[in-house]
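Letter by letter, the chains look like this.
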Amino acid sequence: MSVIAAYYYNKGKRIQKIALDEHVELDRDRSGFCWIALHDPTADELRAIQVTYNLHPLTIDNAMHPLCPPKLEVYNDELYIVAQTAELVGDRICYGKMAIFTGHNHLITVRHGNGGALGSLRSQLEASPPLLGKGVDYVLHAILHRIVDQYLPIFEMIEDDVLDMQKRSLDDFLGRDDVAHIFHLRCELTHFQRTLGAMSELVRKLVRGHFPCISSEVRPYFNDVADHVNRVQGMVNGLLQVVSSVFEFSSLLEAQRTGVITRQLAAWAAILAVPTAIAGIYGMNFKNMPELDTVYGYFVVLGLITLSCIILFVRFKKAKWL
């Protein structure tokens, strides 16, 4: 069902359930307001709330689309906000959209995709009438605050994955799957970074701007939301640098290990070249070869080969090639 909840509140208390096309007599002092929550609504349901609450047609068209970047727009006395929800599913960040229509006496949310922990927000606010009685602008703050709070667990889970990958890169070569996973994490974090940047700009406007639906009493509350966004944004920026450093460090270690193996092979090849060269010389079938008639010539040549190999081995060992 697309209608999650639709109630009329007055002075912080739930008064009655309302229909989408129901006109409610509202107090002029903003103490009474309607709060409607929709999930993947139909076009007819959106048209019904457009007529009932005199919403701008452009905002209705935008609310029908499942995904669009965060933004804030003002139409007459109506504030239209789009925020992006996010949750981690497996190793992917899945995004959702929360379109919020805010008027003096109504707040309508249209959600597409995941909602995370937003479901319990209404009951928490209803348990605190003094806060809910502040009006729709405080409810708007609470919704944005809850959306931003869901960003931190995503960062923490990705951070654990990145740190585990960093530890593994110190112990062993990273395989093809590991390298592909690093690139995947970097892409996810880059997209997440863009989302945080847009959300940060949205909240900054609410803090600094003067909007018809935001009272001067509630405006300072958005500073807390801005601080949360900026904190997560800074941590994501740092984690992106860690991801890049893991890949670069792994590449350097692999190049170093390859160089060590190459030097070892070259050292052993040089050592083996000595007996090969001497044996090759004495393997030539010439009649007047020197030392052929020497009684101890065979042992002298073997000793010479052994001594040469030992000298080369010691020198390569000192040079740390072996």
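The model shown is predicted, which means the values in this text are computed figures rather than measured ones.

Enquirer: Even after reading the chapter, I still don't get the packing of aromatic side chains, so can you show me in this structure?
Expert: Geometry of an aromatic ring pair is reported as the spacing of the ring centres plus the angle between the planes. This structure, assessed with the given rule, holds 7 aromatic pairs. Taken together, a centroid distance of 5.0 Å and an interplanar angle of 45° make the contact between Tyr80 and Phe101 tilted. Within this pair, whereas Tyr80 is found in strand E5 (residues 78-89), its partner Phe101 is found in strand E6 (residues 92-102), the two being separated by 21 residues in sequence. Look at Tyr80 and you get buried, because its relative accessible area is 0%. Members of the aromatic cluster, joined through ring pairs, are Tyr7, Tyr9, Phe33 and Trp35. Between Arg14 and the ring centre of Tyr7, over which it is positioned, the NZ or CZ distance is 3.8 Å. Note that Arg122 overlies the ring of Trp35, its terminal NZ or CZ placed 4.0 Å from the centroid.

Enquirer: Explain the sheet that holds E5 here, please?
Expert: Two pairing modes exist for strands in a sheet, parallel and antiparallel, and in both the strands are linked by backbone hydrogen bonds. In spatial order, the strands read E2-E1-E3-E7-E6-E5-E4; together these 7 strands make up an open sheet with mixed pairing. Two strands lie at the open edges of the sheet, namely strand E2 (13-17) and strand E4 (71-75), each paired on one side alone. With strand direction ignored, the average angle separating the axes of adjacent strands in the sheet is 25°. Pairing between E5 and E6: 11 bridges, direction antiparallel. From the neighbouring strand, Leu88 faces E6, where its bridge partner is Ile93.

Enquirer: What is the right way to read the environment of Tyr7 from this model?
Expert: The topology assignment puts Tyr7 in strand E1 (residues 3-10). Given a relative accessible area of 17%, Tyr7 falls into the buried group. Taking C-alpha positions, Tyr7 is 8.4 Å from Ala19, a pair spaced 12 residues apart along the chain. For Tyr7, the residues in contact, after removing those within four places along its chain, are Arg14, Gln16, Lys17, Ile18, Phe33, Cys34, Trp35 and Arg122.

Enquirer: I would appreciate a short explanation of the packing of helix H8 (residues 221-282) against helix H9 (residues 297-318) in the present structure.
Expert: Relative to each other, H8 and H9 sit at 165°, their axes nearing to 9 Å. On the basis of their axis angle, the class for H8 and H9 is roughly antiparallel. Classified by chirality, the crossing of H9 by H8 is right-handed. Taken together, the residues of H9 that come into contact with H8 (itself represented by Ala267, Trp268, Ala270, Ile271, Val274, Pro275, Ile278 and Tyr282) are Val301, Leu304, Ile305, Ser308, Cys309, Leu312, Phe313 and Phe316. Looking at the contact of H8 with H9, its residues break down into 15 nonpolar, 1 polar and no charged.

Enquirer: Any chance you could explain the nonpolar core here in plain terms?
Expert: Among soluble globular proteins, nonpolar side chains are generally buried collectively. With 56 residues, the main nonpolar core has Trp35, Leu79, Leu140, Leu144, Tyr151, Phe192 and Leu206 as its most contacted residues. In terms of residue count, the dominant contributor to this core is H8 (10 residues). Leaving out residues up to four positions away in the same chain, Leu144 has contacts with Ala83, Ile100, Leu202, Leu206, Phe222 and Val225. Within the second largest apolar cluster, 21 residues are counted, among which are Cys34, Ile36, Tyr53 and Ile60.

Enquirer: It is not clear to me how helix H5 (residues 136-149) should be interpreted in this structure. Could you clarify?
Expert: Given 3.6 residues per turn, any residue in an α-helix points the same way as the ones three and four places further on. With 14 residues, H5 should reach 20 Å at 1.5 Å per residue; the first-to-last C-alpha distance of 20 Å fits that figure. Where burial is concerned, most of H5 is hidden: 13 out of the 14 residues are buried.

Cut-offs used in this document
Residues numbered from 1 in each chain as written. Predicted model: local features only at pLDDT ≥ 70, side-chain atom pairs only at ≥ 80, totals over all residues. Heavy atoms only, no water. Phe/Tyr/Trp six-rings, centres within 6.5 Å; stacked < 30°, edge-to-face > 60°. Helix = DSSP H or I, 4+ residues; strand = E, 2+ residues; numbered from the N terminus. Buried < 20%, exposed > 50% of the residue type's maximum accessible area, 1.4 Å probe, protein only. Lys NZ or Arg CZ within 6 Å of the ring centre and 35° of its normal. Pairing = 2+ DSSP bridges. Axes fitted to C-alpha atoms, helices over the stretch in contact; angles between N-to-C directions. Contact = heavy atoms within 4.5 Å. Parallel < 35°, antiparallel > 145°, perpendicular 65-115°, else oblique. Left-handed = near helix turned anticlockwise from the far one by under 90°. Nonpolar A, V, L, I, M, F, W, Y, C, P; charged D, E, K, R; others polar. Core = buried A, V, L, I, M, F, W, Y, C linked by side-chain atoms within 4.5 Å. Expected span 1.5 Å × (residues − 1).

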